[in-house]
Structures are given as structure tokens and as C-alpha cells.
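Chains, contacts and geometry: an overview
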Amino acid sequence: MNRIAVYLLFIIIFPTGGLTAEKLVISQWLSSGAQQVNYPAFHTHENTQGESFSDRDLLVFEHLSLKDIFPEQDMPFLWPTNGSQTWTPVYSDSNGYVFPGNQETPLYPQVAYLATYITPNRWISAQLEIKSPYLLEAWLNGTKIGTKGSVETEENTIGKVTQELTLTQGTHLLIIKTLRPPDEGLEWKVMANLEVKEPFRPDNIHLGLSPKNIKNINHLLDGIKISSISPSPDGTYYAVQYSQTLPPSNQSESWTEVKRSHDGSVIHSYRHSRASRFSWLPKSNVISFTTTQDGKTSLHWHHMETGEQRIIIKKIENFRSFRWTPDEKVVIYAIREEGSGTDLTMRQVINMSDRQPQWRHRDFLFKLDVASGIRTRLTYGNVTTSLQDISPDSQYLLISQSRPDYQERPYSKQHLYLMNIMTLAVDTILANERWSINASFSPDGTKLLATGGPNAFGGAGITTPDHIIPNNYDTQAYIFDLEKRSVTCFTRDFNPAVSSAYWHPATSQIFLLAVDEDYRRIYRYDIRREQFSLIDTGIDFVSGMNASDHGQVLAFWGNQANDHSKAFNLDLRNNRVSILEDTESQTYRHVRFGDVHDWDFTASSGVHIKGRYYLPPDFDPENNYPVIVYYYGGTTPVGRTFGGRYPFNIWAGHGYVVYVLQPSGAIGFGQSFSAAHVNNWGITVADEIIEGTQMFLEAHPFTNPKKVGCAGASYGGFMTMLLTTRTDIFAAAISHAGISSISSYWGEGYWGYAYSALATADSFPWNNQDIYIGQSPLFHADKVTTPLLLITGDSDTNVPPGESIQMFTALKLLDRPVELVLVKGEDHHILTYNKRIQWHNAIMGWWDKYLKDEPEWWEDQFPAKNY
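Residues numbered from 1 in each chain as written. Predicted model: local features only at pLDDT ≥ 70, side-chain atom pairs only at ≥ 80, totals over all residues. Heavy atoms only, no water.

1. Let's talk about the overall build of the protein chain
When its secondary structure is counted, the protein chain shows 13 helices and 53 strands. Relative to the globule expectation of 29 Å for 867 residues, the C-alpha radius of gyration of the protein chain, 31 Å, shows essentially globular dimensions. The proportion of buried residues among the 867 residues of the protein chain is 54%. A separation of at least 24 residues holds for 61% of the contacts in the protein chain among residues at least 6 apart in sequence. (Helix = DSSP H or I, 4+ residues; strand = E, 2+ residues; numbered from the N terminus. Rg over C-alpha atoms; globule rule 2.2 N^0.38 Å. Buried < 20%, exposed > 50% of the residue type's maximum accessible area, 1.4 Å probe, protein only. Contact = heavy atoms within 4.5 Å.)

2. Examining the sheet that holds strand β27 (residues 362-369)
The strand order across the open sheet built from four strands is β25-β26-β27-β28, with neighbouring strands paired in antiparallel fashion. A strand with exactly one partner marks an edge of an open sheet, and here the two such strands are β25 (319-324) and β28 (375-377). The average undirected angle you get between the axes of adjacent strands in this sheet is 25°. As paired elements, β25 and strand β26 (residues 330-337) share five bridges and run antiparallel to each other. (Pairing = 2+ DSSP bridges. Axes fitted to C-alpha atoms, helices over the stretch in contact; angles between N-to-C directions.)

3. What about empty space enclosed by the protein?
In the structure shown here, the tally under the stated rule is three cavities of 30 Å³ or more. By volume, the largest cavity is sized at about 40 Å³. (1 Å grid on protein atoms, 1.4 Å probe; cavity = no way out; pocket = protein on both sides within 12 Å on 5 of 7 lines; lining within 4 Å. Points joined across faces, edges and corners; volume = space filled by probe spheres on them.)

4. Structural notes on the packing of aromatic side chains
According to the stated counting rule, one finds 60 aromatic pairs in the structure shown. Between F457 and F480, the aromatic rings sit 5.7 Å apart at their centres with planes inclined by 20°, giving stacked as the arrangement. With a gap of 23 residues between them, F457 in helix α3 (residues 456-459) and F480 in strand β35 (residues 476-481) connect regions that are remote in the sequence. Since its relative accessible area comes to 13%, F457 is described here as buried. (Phe/Tyr/Trp six-rings, centres within 6.5 Å; stacked < 30°, edge-to-face > 60°.)

5. Re the packing of helix α6 (residues 685-699) against helix α7 (residues 715-724)
Across the interface, α6 lies against α7 with an axial gap of 10 Å and an inter-helix angle of 70°. By the criterion of interaxial angle, the relationship of α6 to α7 is roughly perpendicular. Facing V685, A686, I689 and I690 of α6, the residues of α7 in contact are M719, L722 and L723. Residues of the contact of α6 with α7, tallied by class, amount to seven nonpolar, no polar and no charged. (Parallel < 35°, antiparallel > 145°, perpendicular 65-115°, else oblique. Nonpolar A, V, L, I, M, F, W, Y, C, P; charged D, E, K, R; others polar.)

6. Things to note about the nonpolar core
In this structure, L194, W651 and W847 are the most contacted members of the largest nonpolar core, which totals 110 residues. Broken down by element, this core gets its largest block of residues, seven residues, from helix α12 (residues 833-851). (Core = buried A, V, L, I, M, F, W, Y, C linked by side-chain atoms within 4.5 Å.)

7. Looking at the pattern of salt bridges
The tally for this structure, following the rule as stated, stands at 37 salt bridges. Of the charged contacts, one joins D363 and R320 as a salt bridge, the two residues approaching to 3.2 Å between their closest N and O atoms. A residue pair is termed long-range when its members are at least 10 positions apart, and D363 in strand β27 and R320 in strand β25 qualify at 43 residues. Residue D363 is classed as buried on the basis of its relative accessible area, which comes to 13%. For R320, a relative accessible area of 38% translates into the label partly exposed. Of the charged contacts in the structure, one is a salt bridge between K566 and D563, with a shortest N-O distance of 2.7 Å. (Salt bridge = Lys/Arg side-chain N within 4 Å of Asp/Glu carboxyl O.)

8. Some remarks on the environment of A761
The residue A761 is located in the loop between α9 (752-759) and α10 (769-772) in this model. Residues A761 and P410, 351 residues apart in the sequence, show an inter-C-alpha distance of 8.8 Å. In contact with A761, not counting residues within four places along its chain, are R409, I469, V678, N679 and S756.

Here it is, written out as C-alpha cells:
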């Protein structure tokens with residue numbers, strides 16, 4: 001017969017400090033049962049400090065790590081003295097107590113673990129109180145929050161632990177470890193309650209036994225992530241690079257492991273070895289890598305099948321990069337020569353790029369003949385020489401140089417050369433190329449596979465009419481014949497924008513990683529048939545890919561919009577996909593996600609605008625949800641990534657409907673669409689966002705049109721500021737690292753003038769004030785009525801913090817609702833672990849304040865000061 005457990009929810013109401021407080025008794029737990037523990041040998045002896053081993057010492061000893069455990073009913077609980085047991089539900093009595101073990105007086109010390117899940121439906125503060133006559137520790141989300149180290153001898157003097165808690169929306173694990181010493185006769189019992197005060201209510205908290213959760217910032221940042229994966233030349237092995245944060249510090253670690261492809265078994269792990277820059281040799285199952293110590297770098301060689309290891313290059317200063325020739329006889333490597341005068345008190349700035357700390361450094365190429373050990377300097381001069389590729393016969397280097405030219409956009413000229421490795425003779429392939437390219441050799445060495453904007457090769461990739469300036473961020477792919485010096489752009493009529501291209505020797509086909517609307521996908525190009533075919537990877541967003549040069553394997557890694565990143569193997573013979581690495585399945589095993597749906601609209605201008613929206617996990621179409629509208633509005637679409645700076649599924653988990661749209665001007669939709677970005681600076685994009693938001697709200701009755709927020713970063717931050725000058729449909733807005741004055745960004749940001757060379761082609765503050773003033777939010781600040789959060793790293797060199805500061809100044813003088821948050825020491829991206837969490841919490845607090853009328857999270861982070 002099944003046992004049916006009945007439990008009660010106790011709520012005790014009493015006044016405190018003028019506010020009503022209510023105590024919520026935690027009445028259901030998962031129990032490990034009583035487990036015997038032992039005092040250590042010689043525990044009665046005093047240690048060097050004159051102290052004997054105490055019951056408290058036994059309590060705080062970590063018998064079981066609580067940092068990565070999420071108990072569930074009937075989940076095994078392993079204990080050496082009792083074998084396999086399970087976590088079992090227990091319920092409190094009428095006084096709120098649970099009894100973790102047998103009440104008979106024990107002959108030996110006993111411990112028991114009690115676990116429960118606290119799930120607020122909003123940010124909340126509460127006081128936790130735990131009572132027991134015996135010793136106990138309390139842990140919340142793997143962090144110890146309280147200890148009671150005493151034992152009471154009388155029933156009416158039960159001790160307690162109290163702790164103030166602040167809980168974000170989502171599920172939090174509370175574990176109590178309690179210890180009962182031997183020969184103690186009082187009942188072994190534990191009681192816990194949460195005291196909540198106005199404006200919080202007991203129904204803001206759900207207490208239960210399920211670890212089911214929404215995605216949170218720790219899911220996003222913590223755990224082992226896949227950074228890259230690369231198969232060996234024949235596909236027998238693969239090298240996978242991992243990264244992992246090390247909370248609560250701001251440190252992280254990364255390492256590489258080599259595994260066997262058919263079963264994933266580890267051949268060698270380079271963790272804690274200081275090894276980096278891993279690269280397979282061109283034709284052998286040998287991996288090379290570098291180690292650096294005291295500023296000097298060595299190049300290593302490691303054979304996977306024999307285990308043999310060698311040091312190829314020893315202790316070179318300023319070592320930058322390396323590549324093996326296809327015959328594996330020569331290493332081409334780069335060394336940096338540091339520029340002078342970079343640390344002077346009075347430093348003359350030579351040009352715009354000279355403001356960047358590293359600009360005066362130069363990299364040059366060198367050659368090592370591995371057999372003889374003889375080294376040769378290959379390049380010299382006053383500009384960096386970059387190695388683009390090595391010919392398949394190992395006879396030639398494809399190298400490039402770029403020189404500033406401020407008389408013509410994009411303000412640099414590229415030179416592309418073929419260098420004979422033996423004679424060092426140089427043949428010029430391209431001279432003074434205005435629009436730069438990246439190139440590699442075809443498998444037979446007679447052609448180059450190049451990528452560059454539509455303007456490359458004299459505009460060979462342009463499909464837009466003559467009167468329309470193409471968006472040169474819309475990268476195309478070209479085949480350049482070295483003998484004929486002719487070029488073909490084979491992606492002219494291919495709408496996706498090329499992220500990378502690879503000419504596979506074993507199949508003689510070209511594989512493209514391409515931005516395809518808001519997806520990133522892999523395409524195969526059949527050169528003979530001149531046909532593209534989409535490879536079904538099974539995921540939305542491919543982060544990267546690498547192929548085995550002499551095998552039939554292509555490895556890639558990426559994610560679904562609502563599923564974490566994994567690494568995959570693609571068999572090029574049959575296009576079958578299999579999983580190679582899944583490092584986060586345990587992290588997300590309890591996380592629930594809402595659905596993601598496409599939603600497009602046609603603007604009044606006739607332009608078709610793509611979009612998608614994220615729903616909360618427990619979506620109810622009868623509810624009215626606050627809405628967050630996100631966009632970039634610049635040259636790239638907002639991809640279907642799972643993480644990123646703005647994780648939409650975290651926002652949706654907090655009860656928001658998140659609408660993401662792709663306004664005109666983004667790449668991946670064809671050149672006509674992307675060209676709309678040039679010399680626009682939000683003229684049409686703002687109208688598309690406003691119109692799209694209004695249409696989205698009308699089409700979805702479960703949205704609350706009075707509680708709509710908007711957000712964007714960088715160019716998207718500029719769009720946020722611009723939107724607030726043009727509409728009042730938003731109840732709150734967030735601009736991260738946004739631009740308020742286009743002219744000051746153009747002149748002050750490290751890359752402002754260079755970005756504007758493409759985005760604002762031939763337009764300058766002196767010849768196009770309609771853009772530089774007319775489209776700058778700062779000059780229309782008096783129209784802003786929407787509460788605006790300006791948030792930025794105070795060390796941002798891309799979009800200087802002054803862009804946010806001057807908008808803040810204007811709105812403060814206008815007495816408009818605005819807040820400015822500067823993140824200390826951070827650049828354009830907020831990367832430091834703990835600052836990233838604080839930055840995320842500030843954003844969530846702002847949304848809750850204005851879109852849910854719940855200001856407490858924001859006020860907890862930024863309490864009012866009497867200044």
C-alpha cells in the first residue's frame with residue numbers, strides 16, 4: 001500500500017517595526033536519514049593549540065561536498081557505513097519540527113542531511129530561522145550561511161541560527177547538516193521558517209522538493225564550457241579546448257585535451273600545464289603547442305600514438321604565432337618587436353591608430369628548419385607582416401602587409417605577396433588593395449580562396465545598384481586564379497554572409513560558416529556544379545568549425561536558441577552528425593525553458609523584418625506579461641546564441657516575454673538589406689523597431705502594452721537612446737555602452753572613425769550634419785520621458801564612457817528619469833566574473849522596477865544616499 005503524506009503550510013502573522021511580518025514554516029524536506037560518523041583517533045588529545053577535538057569540529061568537517069548536489073526523491077544517497085540509501089521525503093509535525101533520525105540515544109555520533117527547495121516568484125528578502133537542540137550547519141546554493149555549534153540539555157532552551165537572505169527569482173537549495181553526539185537524550189529534531197515582511201508576501205515563495213529551476217546567471221557563467229574543437233589530419237583524434245570560471249574568485253582556467261574520436265577516451269590532458277596555441281601538424285597525428293614561462297615561449301611537439309615529445313623551439317621572447325609547412329619540415333613563426341615611446345609622459349600621437357597601446361609594435365616572420373635547427377629571418381621593415389597561408393607544396397608563403405592611408409576610406413591599403421621560402425623572393429599579388437581580404441591556397445596551390453567585403457577585388461562582389469553603397473561588413477567569398485590573376489565571387493547571389501571559408505583537400509569542396517539571417521550555419525559549395533547545399537547540423541547557431549585535412553570529418557560546436565552548447569562530429573561522406581562533447585548536460589538537467597517562436601512583420605516601407613520571441617517556462621496565454629524588446633540595429637543580426645551578454649532565456653525565465661527583431665541593415669539577409677545600414681544611423685531602424693513593437697503587442701494579447709521595455713548594446717545602446725527621443729511607448733529603457741553623439745564617438749572611440757568609414761561612407765561632421773547632429777540622441781535629449789538606465793564600463797575604449805555620461809548630464813539637467821552605472825575597470829564587454837553578475841543584477845533590477853512595479857531589487861543594489 002502506498003503511503004500518502006499529508007503536510008501543512010504554517011503561516012504565523014505578527015507585527016514588527018510597523019510592518020506586518022509573516023513566518024512561513026518549511027514543512028517538507030528530503031532526508032538522508034541518520035548516518036554514523038566517528039571521532040578521529042586520538043581525538044581526546046590536545047593539539048598544538050591546546051584544544052581537543054570537539055563535536056563542532058566533527059560537524060564542520062566536510063563529510064560530503066554540498067556544492068554540486070541537488071537531492072531528489074529516491075535519488076541514491078551513498079554512505080560508507082550504511083551502503084546505498086535514498087533521499088526520502090519527511091514532513092513536519094504540528095509544531096513545525098521534522099525528525100531526521102531514530103530517537104533512541106545513540107552510542108556513536110550521527111549526522112543527517114535535510115534538503116528543501118525555496119522558489120520565490122520575484123526578488124525577495126527574508127529572514128531564515130533554524131532551531132534544533134543539536135549542532136547544525138546551513139547551506140544555501142552550496143554556500144555555508146550559518147552554524148550552530150552548541151547542544152542544549154533542556155527542552156525549553158532550544159538554540160537557533162538566523163540569517164538574512166536575499167533571493168532572486170528561481171529555485172534555491174537549502175541543506176541543513178545536523179549532528180547528534182552520542183549519549184544525548186533530547187529529541188533529535190529540526191525546525192526552519194522564513195520570515196517575510198511587507199511588501200513581500202508568503203505567496204511569493206513556493207516551498208517544495210523539486211530541483212526544477214529557471215535558467216540563472218550561474219548556469220550561464222559556471223561549469224565547463226567548450227571553447228573550440230579540432231580533429232587530427234586523418235580524423236582519428238580531436239583536440240578540445242575547455243574553459244571554466246573559478247568562483248567565487250574572478251579567476252578562470254582553460255585547458256586542452258586530446259581524445260580518440262570513436263569513443264571520446266582521453267589520450268592526453270594538458271590541464272595545469274601552461275600549454276596553449278594548440279595546432280595539429282598538417283599530415284601527422286602530432287599536436288604542437290607552446291608554453292610560456294618568465295616571458296619566454298617554447299614550441300612543443302607531441303606524437304599521439306607513440307607518446308614521444310620534443311621541444312622544437314626553446315625560450316623565445318615576444319613569440320606571437322606559428323604554423324607548420326605541409327611537409328612538416330619547417331616552422332614559420334612570428335616575433336613581435338616592441339615599439340618605442342609608448343610609455344612616455346609626453347607622447348606625440350602619430351595618427352588615430354597610435355592611440356591604441358599596441359599599435360607601435362610590429363610582428364615579423366621567421367623560419368626554422370626542424371632537421372638542422374637553422375633559423376632564417378624572413379621579413380623586416382616598419383609594418384607588420386602577416387602570414388595568411390603556406391602553399392600545399394611547402395614552397396611559398398602567402399603574406400600580407402597593411403599601411404595607413406587616411407586620404408581614402410577605409411583608411412588603409414593592403415599588399416598581398418607570394419614569398420619563395422628558399423630564396424625569399426617576393427611576387428606581388430595585390431598592391432594597394434583598398435578593401436582588405438583574408439586568403440588561403442586551394443588544395444592544388446593554383447588558386448586562392450579569399451573572403452572580404454563586396455568592395456574587394458575592385459568591387460567584384462557588389463550586387464547593389466551603382467547609386468547604393470554596399471555594406472562592406474557583408475562578407476563574400478572569392479576564388480582568385482594565381483596564374484590568370486582573375487577573380488570570381490561565387491557568393492554574389494548567396495544571401496548569407498560568410499564568417500569563414502575552408503577548401504577541403506579530401507573532397508575538393510568548399511565549406512562556409514555563414515550568418516544566415518539570425519542563424520549561423522554550415523554550407524557546402526560544390527565548385528564543379530557551382531551549387532550551395534545547407535548542411536543540417538541540428539542546431540541554430542554554429543560557433544565554429546574545423547575539418548580534418550585528409551579525412552572525412554568536420555567538427556563543429558554550437559547551440560540551439562534554448563539549449564546549451566555542444567560539440568559535434570559531421571561525417572562528410574553521409575552528412576551524419578553525432579555528439580562529441582556535452583559538458584553542460586548536468587548543469588542544465590533541472591532547468592526548464594519556455595518556447596521560442598518566429599514572428600515577422602512587413603514594415604510600412606514594404607521591408608520584411610524577421611524576429612522571434614521567447615516565452616516564460618510556465619507560459620499561460622490568459623496572463624498579461626511584461627515585454628522586453630531587444631535589437632542591435634547595426635551591421636549584424638542578433639544571433640540565436642544560448643548565452644551572450646543578454647541571455648534572453650534568463651529574462652523569459654523571470655516572467656518576461658522577450659521580442660528580438662532584426663531591423664534593416666543587418667548582414668545575412670542579402671546585400672540589398674545590409675546596404676540599408678550605410679549612411680543611415682537609425683533613420684529607418686528606429687521606425688522599424690517602433691512599428692514592429694506596436695504590431696507585436698497587437699498580435700499577442702498575452703502582452704501588456706503598458707509594461708514594455710527596450711534594450712540594446714553598443715550600436716544597440718545608441719538605438720535605445722535614439723528610440724527614447726522618438727517615442728513614449730516604452731516604460732523603461734537600457735542602453736549599454738551606447739552612443740549619444742555620433743561625432744564624439746567618431747573622433748574619440750578607438751575605432752570610431754574606422755567603423756564610420758563603412759557605416760557613414762564619405763560622411764563627416766562637416767559635410768553631413770543631418771546624421772552627426774540630427775541623428776545624435778544628445779541633441780534631442782529634451783524629448784526623452786522614458787526612464788533610462790545608462791550602463792557602461794568606465795574603461796571602454798570602443799565606445800568611451802563619455803557617451804553615456806554626456807547623455808546622463810543632459811537628462812539630469814532636464815530633470816528626466818535617468819540612472820548612470822559605471823562598471824569599474826571594465827571595457828566594452830563586462831567580463832570580470834563578479835562584476836558580470838553585478839551588471840546582470842542591475843539590469844534585472846531595472847526591469848523589475850519599471851515593468852513589474854517591484855523596485856526592491858534595484859533599491860537593494862543602489863540604496864538612496866543623502867548626498
